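Architecture and fold: a report
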Amino acid sequence: IRQKQGDTEGALARLEGQIEKNPQDFDLRTAYARLLADQRRFDDAKEQFESLAKMQPDNAEVRFALGILHLQTQSLEGAETHFRRLVNGEEYADEASYYLGQLAETRKDYDQALKWYSSVEGDNHFDAQLSMALTMMKQKRFPAAREQLHGIAPATPDQKTRLTGVEGELLSQEGNYREAMEVYDRALEGGFNSDLLYSRAMLAEKMGRLDL
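To start, this report covers the structure provided alongside it.

Rules of the game
Residues numbered from 1 in each chain as written. Predicted model: local features only at pLDDT ≥ 70, side-chain atom pairs only at ≥ 80, totals over all residues. Heavy atoms only, no water. Helix = DSSP H or I, 4+ residues; strand = E, 2+ residues; numbered from the N terminus. Rg over C-alpha atoms; globule rule 2.2 N^0.38 Å. Buried < 20%, exposed > 50% of the residue type's maximum accessible area, 1.4 Å probe, protein only. Contact = heavy atoms within 4.5 Å. Expected span 1.5 Å × (residues − 1). Polar contact = N/O pair within 3.5 Å; in protein donor to acceptor, adjacent residues only side chain to side chain. Axes fitted to C-alpha atoms, helices over the stretch in contact; angles between N-to-C directions. Parallel < 35°, antiparallel > 145°, perpendicular 65-115°, else oblique. Left-handed = near helix turned anticlockwise from the far one by under 90°. Nonpolar A, V, L, I, M, F, W, Y, C, P; charged D, E, K, R; others polar. Core = buried A, V, L, I, M, F, W, Y, C linked by side-chain atoms within 4.5 Å.

1. Considerations on the overall build of the chain
Each helix and strand in the chain was counted, giving 12 helices and zero strands. Listed N to C, the secondary structure of the chain is α-α-α-α-α-α-α-α-α-α-α-α in terms of helices and strands. The C-alpha radius of gyration computed for the chain amounts to 22 Å, which surpasses the reference 17 Å derived for 212 residues by more than 25%, pointing to a less compact arrangement than a globule. Overall, the C-alpha framework of the chain stretches about 75 × 40 × 30 Å when taken along its three principal axes. Considering the chain as a whole, with its 212 residues, one finds that 42% of them fall into the buried category. In the chain, the proportion of contacts linking residues at least 24 apart, taken out of those at least 6 apart, comes to 40%.

2. Re the side chain of S97
In this fold, S97 is placed in helix α6 (residues 93-106). Residues in contact with S97, not counting those within four places in the same chain, are V87, W116, S119 and V120.

3. Some thoughts on helix α4 (residues 60-72)
With 13 residues, α4 ought to run about 18 Å at 1.5 Å a step, and its terminal C-alpha atoms sit 18 Å apart, in line with that. Turning to α4, its buried residues are A60, V62, R63, F64, A65, L66, G67, L69 and H70. Its buried side turned inward, α4 meets α2 (26-38), α3 (42-55), α5 (76-84) and α6. The N-cap of α4, judged by a side-chain oxygen 3.1 Å from the amide nitrogen of E61 a few residues on, is N59. Once α4 finishes, Q74 follows within two positions and takes phi at roughly 60°, a positive value.

4. Considering the environment of F49
Structurally, the position occupied by F49 is in helix α3. Taking the C-alpha atoms as reference, F49 lies 9.4 Å from Y32; in sequence the two are 17 residues apart. Setting aside chain neighbours within four positions, we find F49 in contact with A33, R34, V62, A65, L66 and L69.

5. A short note on the environment of R29
Examined against the element boundaries, R29 turns out to sit in helix α2. Taking relative accessible area as the criterion, R29 reaches 11% and is therefore assigned buried. With 26 residues separating them in the primary sequence, R29 and M55 have C-alpha atoms 11 Å apart. Contact partners of R29, with chain neighbours within four places excluded, come to I19, P23, Q48, S51, L52 and M55.

6. A short note on unusual backbone geometry
Located in the positive-phi region is R40, a residue other than glycine, with phi close to 65°. Within the secondary structure layout, R40 lies in the loop between α2 and α3. Phi is positive for Y92, close to 65°, though the residue is something other than glycine. Considering the arrangement of structural elements, one finds Y92 in the loop between α5 and α6.

7. Examining the packing of α2 against α3
Packing of α2 against α3 brings their axes to within 8 Å, and their N-to-C directions diverge by 155°. Of the possible angle classes, the one that applies to α2 and α3 is roughly antiparallel. Note that α2 runs across α3; the crossing there is left-handed. Here F26, R29, T30, Y32, A33, R34, L36 and A37 of α2 lie close against α3, whose contacting residues are F42, D44, A45, Q48, F49, S51, L52 and M55. Across the contact of α2 with α3, the residue classes tally to 10 nonpolar, three polar and three charged.

8. A look at the nonpolar core
Grouped together as the largest cluster of nonpolar side chains are 30 residues, with contacts concentrated most on F83, L130 and L149. Elements with a minimum of two residues in this core: α4, α5, α6, α7 (110-118), α8 (125-138), α9 (142-150) and α10 (157-174). A total of seven residues in this core trace back to one element, the largest contributor, which is α8. Once residues within four sequence positions are removed from consideration, L130 is found in contact with L149, I152, R162, L163 and V166. If you look at the next biggest cluster of nonpolar residues, it comprises 19 residues, including L15, A45, F49 and L52.

Structural data, given as structure tokens:
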């Protein structure tokens, strides 16, 4: 009730007082940790989730929350440790694999990133498949990246837009500016899109400088 009334500090104080009386109450500490995270007090939230992990070492939800909090606080090794403990489980395996792919990509370990991304299913499947194409682009494997893009089936207009944007960028990086422009033009024939229009404008400016 305090939280719904906007009294977040009062809600935190209430939970803190109850946790002092019941330090082993898992649900109370979970509520406290989540509220801290909602308030972007990531270090404090991480401390509470660490306590929860000691209470229930095999709790996948706690382990995943710790992975995310380590990412938020730029503790990448800690994040990797927690995500690796999830990849062979029944819960959060796909999410953990996706984040492990991002961590590997951050380290420029692109081959490992591709392995993690390729194992992702579920809600993150589209993002993982698109990340594979982007990773191949970083490796300068443009034909493979384009083949990867053409194998992705967008399920929503937003996904289709993102796919088009990446294909246009890929062609631009290859130096195929005219073909990239055609990709943007075809997409924009279907209706206005500010992101694609901006990318097309940037490409047109670049082409104009090259013509000079």
